[in-house]
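Coordinates in review
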Amino acid sequence: MSISRARLDRFISEKCQINRKKVRLLLAQKRIRVDGLIATDIDQPINKFSLISLDDQIIQSNKALYIMMHKPVGVVCATKDDKHKTVIDLLGGLLTPKERASLHIVGRLDLNTSGLVLLTNDSRWSEQLTSPKSKVSKHYLVTLKNPINEEYIQAFAQGMYFAFEKITTKPVTLNIIHQYQAEVILTEGRYHQIKRMFGRFSNPVTALHRTSIGDFVLDKTLLPGKSQILNISNKIIT
Ligand code: URA
């Protein structure tokens, strides 16, 4: 079953290999519980994270996982890689192997980019964060090889045409911190977007670090390579 809603009777029928008539009987006998409460409605919507039991037997128990990681340079945003350590490798003993295998990455960073990476098994949550419609802003600290000036601000705000994808980038905010450093705020995530935008000025990015995604700000106490489990309201629970 995916994160999208399913009907309780269909789920029990498939999971327990019994017909729907039998499921209705179980419901009438008050033998099925969803999230600890007796379920009586065949139409009751459930999802991947509903705790479902029949008598004392657990039929489904999946924990929703939300992880904040400080990705170091040199680690790849992938679940498997032959050459490099992956963000999943970095999770170490934080989660069980089954939990680790259930995760996906919410907005990748390049190999040589550091900073905030979010991981989850809740695709509805990650879709909300990454959907172009949500316009979630991502903040980056960028260090450049050559000095930057006010011209960059205008060019980033106007958008740049990327011929390969045949798109013009959405307006990007650039705040100059000093000659060689800027804060860049994106609301989309095109391939190597920041490096390509500075590339228009023949100005190589020497360091790139993501500090936030929407309301999720990289915890300053989280060392490179370390992770924390978040609850949905963005509080650290372990
Ligand atoms: N832009 C880049 O060029 N690289 C990243 O990792 C993120 C944004």
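Conventions and cut-offs
Position numbers for residues start from 1 in each chain and track the written sequence from start to end. Totals for whole chains, interfaces and linings use every residue, but because this is a predicted model, local features are given only for residues with pLDDT of at least 70 and side-chain atom pairs only at 80 or more, for both listing and counting. The side-chain quantities take in all heavy atoms of the structure and omit both hydrogens and water. Of the two site types, the cavity is a set of points on a 1 Å grid over the protein atoms alone where a 1.4 Å probe fits but cannot get out, and the pocket is an open set with protein on both sides within 12 Å along at least five of seven lines, each lined by residues with an atom within 4 Å of a point. Grid points are joined across faces, edges and corners, and a volume is the space filled by probe spheres set on the points. Strands are runs of DSSP state E lasting at least two residues, helices are runs of H or I lasting at least four, and both sets are numbered from the N terminus onward. Think of it as three bins: nonpolar holds Ala, Val, Leu, Ile, Met, Phe, Trp, Tyr, Cys and Pro, charged holds Asp, Glu, Lys and Arg, and polar takes everything else, Gly as well. Residue exposure (1.4 Å probe, protein chains only): buried if accessible area is under 20% of the type maximum, exposed if over 50%, otherwise partly exposed. N or O atoms closer than or at 3.5 Å make up a polar contact, with two conditions inside protein: a donor-capable atom paired with an acceptor-capable one, and, for residues adjacent in sequence, both atoms drawn from side chains. A single heavy atom is enough: if one lies within 4 Å of a molecule or strand, its residue is considered near that molecule or strand. For accessible areas, the Shrake-Rupley method is used with a probe of radius 1.4 Å. Any residue's cover is judged against the shown protein chains and nothing else. Note that the domain bounds were set by an automatic or database domain assignment. Think of it as the arc spanned by the lines of direction from the helix axis to the C-beta atoms. Any two residues having at least one pair of non-hydrogen atoms within 4.5 Å are treated as being in contact. Aromatic pairs are defined between Phe, Tyr and Trp rings, using the six-membered ring for Trp, whenever the two ring centres lie within 6.5 Å; interplanar angles under 30 degrees are classed as stacked, those over 60 as edge-to-face, and all others as tilted. Residues enter a nonpolar core if they are buried and are Ala, Val, Leu, Ile, Met, Phe, Trp, Tyr or Cys, with the set joined through side-chain atoms within 4.5 Å. Charge assignment in this entry is limited to Lys and Arg as positive and Asp and Glu as negative, and neither His nor the chain termini are counted. Note on definitions: salt bridges are taken to be side-chain nitrogens of Lys or Arg within 4 Å of carboxyl oxygens of Asp or Glu. For two strands to count as paired, DSSP must find a minimum of two bridges between them.

**Considering the layout of surface pockets**
- One number sums up the size of the largest pocket: a volume of about 640 Å³.
- Considering the residues around the largest pocket, the lining is formed by 31 residues, among which Arg 108, Lys 138, Glu 188, Gly 189 and Arg 190 are closest to the centre.
- Taken together, the elements giving at least two residues each to the lining of the largest pocket come down to α5 (123–130), β10 (138–144), α7 (193–199) and β15 (205–213).
- Tallied by class, residues from the lining of the largest pocket come to 14 nonpolar, eight polar and nine charged.

**So, the side chain of Asn 121**
- The residue Asn 121 is located in the loop between β9 (113–120) and α5 in this model.
- For Asn 121, a relative accessible area of 5% corresponds to the buried category.
- Reaching out from Asn 121, the side chain makes a polar contact with the backbone nitrogen of Leu 65 at a distance of 2.8 Å.

**Focus on the site of the ligand**
- Around the ligand lies a shell formed by Leu 109, Asp 110, Thr 113, Tyr 140, His 192, Gln 193, Ile 194, Lys 195 and Leu 208.
- In the environment of the ligand, an oxygen atom lies 3.3 Å from a nitrogen or oxygen atom belonging to the backbone of His 192.
- Within the backbone of Ile 194, one N or O atom sits 3.2 Å away from a nitrogen atom of the ligand.
- A total of 240 Å² of accessible area belongs to the ligand in isolation, and the protein chains cover 95% of it.

**Some remarks on the domain arrangement of the protein**
- Split by domain assignment, the protein resolves into domain 1 (6–60) and domain 2 (66–229).
- The distance between the C-alpha centroids of domain 1 and domain 2 comes to 41 Å.

**Let's talk about helix α2 (residues 20–28)**
- Turning to α2, its buried residues are Val 23, Leu 26 and Leu 27. The arc that holds every buried residue of α2, seen down its axis, measures 100°, which confines them to one face. Those residues of α2 that are exposed and aimed more than 90 degrees away from the buried face are Lys 21 and Ala 28.
- Its buried side turned inward, α2 meets α1 (8–16), β2 (32–34) and β5 (52–54).

**As for the packing of aromatic side chains**
- In total, this model carries five aromatic pairs according to the counting rule given.
- Judged by centre distance (4.8 Å) and plane angle (75°), the ring pair of Tyr 66 and Trp 125 falls under edge-to-face. Here Tyr 66 is found in strand β7 (residues 66–71), whereas its partner Trp 125 is found in helix α5, with 59 residues between them in sequence.
- Its relative accessible area of 8% is what places Tyr 66 among the buried residues.
- For Trp 125, a relative accessible area of 9% corresponds to the buried category.
- With a centroid separation of 5.9 Å and 40° between ring planes, the pair formed by Tyr 152 and Phe 198 is classed as tilted.

**With respect to the nonpolar core**
- By size, the foremost hydrophobic cluster in this structure holds 34 residues, and its most contacted members are Leu 119, Phe 156, Val 184 and Phe 198.
- When neighbours within four sequence positions are excluded, Phe 156 is seen to be in contact with Lys 170, Pro 171, Val 172, Leu 174, Val 184, Met 197, Phe 198 and Phe 201.

**Considering the environment of Leu 118**
- Assignment of secondary structure puts Leu 118 in strand β9.
- In this structure, the C-alpha to C-alpha distance between Leu 118 and Arg 108, residues ten residues apart in sequence, is 8.8 Å.
- Residues in contact with Leu 118, not counting those within four places in the same chain, are Ile 67, Met 68, His 104, Ile 105, Val 106, Trp 125, Leu 129, Ile 213, Phe 216 and Leu 230.

**Brief notes about the side chain of Arg 210**
- Looking at the element boundaries, Arg 210 is found in strand β15.
- Notably, Arg 210 is buried but unbridged: the nearest opposite-charge side chain belongs to Asp 110, and the N-O separation is 9.1 Å.
- A distance of 2.8 Å separates a polar side-chain atom of Arg 210 from the backbone oxygen of Gly 107.
- Apart from residues lying up to four places away in sequence, Arg 210 is in contact with Val 106, Gly 107, Arg 108, Leu 109, Ser 114, Gly 115, Leu 116, Val 117, Lys 138, His 139, Tyr 140 and Leu 218.

**Brief notes about the sheet that holds β2**
- Here four strands make up an open sheet; going across it, the order is β3-β2-β5-β6 and the pairing antiparallel. Strands at the two margins of the open sheet, each flanked by one partner only, are β3 (37–38) and β6 (57–60).
- Bridge count for β2 against β3 is two bridges, and the pairing is antiparallel. The residue of β3 that forms the bridge with Val 34 is Leu 37.

**A closer look at the environment of Phe 216**
- Note on placement: Phe 216 falls in strand β16 (residues 216–217).
- Phe 216 sits 98 residues away from Leu 118 along the chain, and the two C-alpha atoms are 8.8 Å apart.

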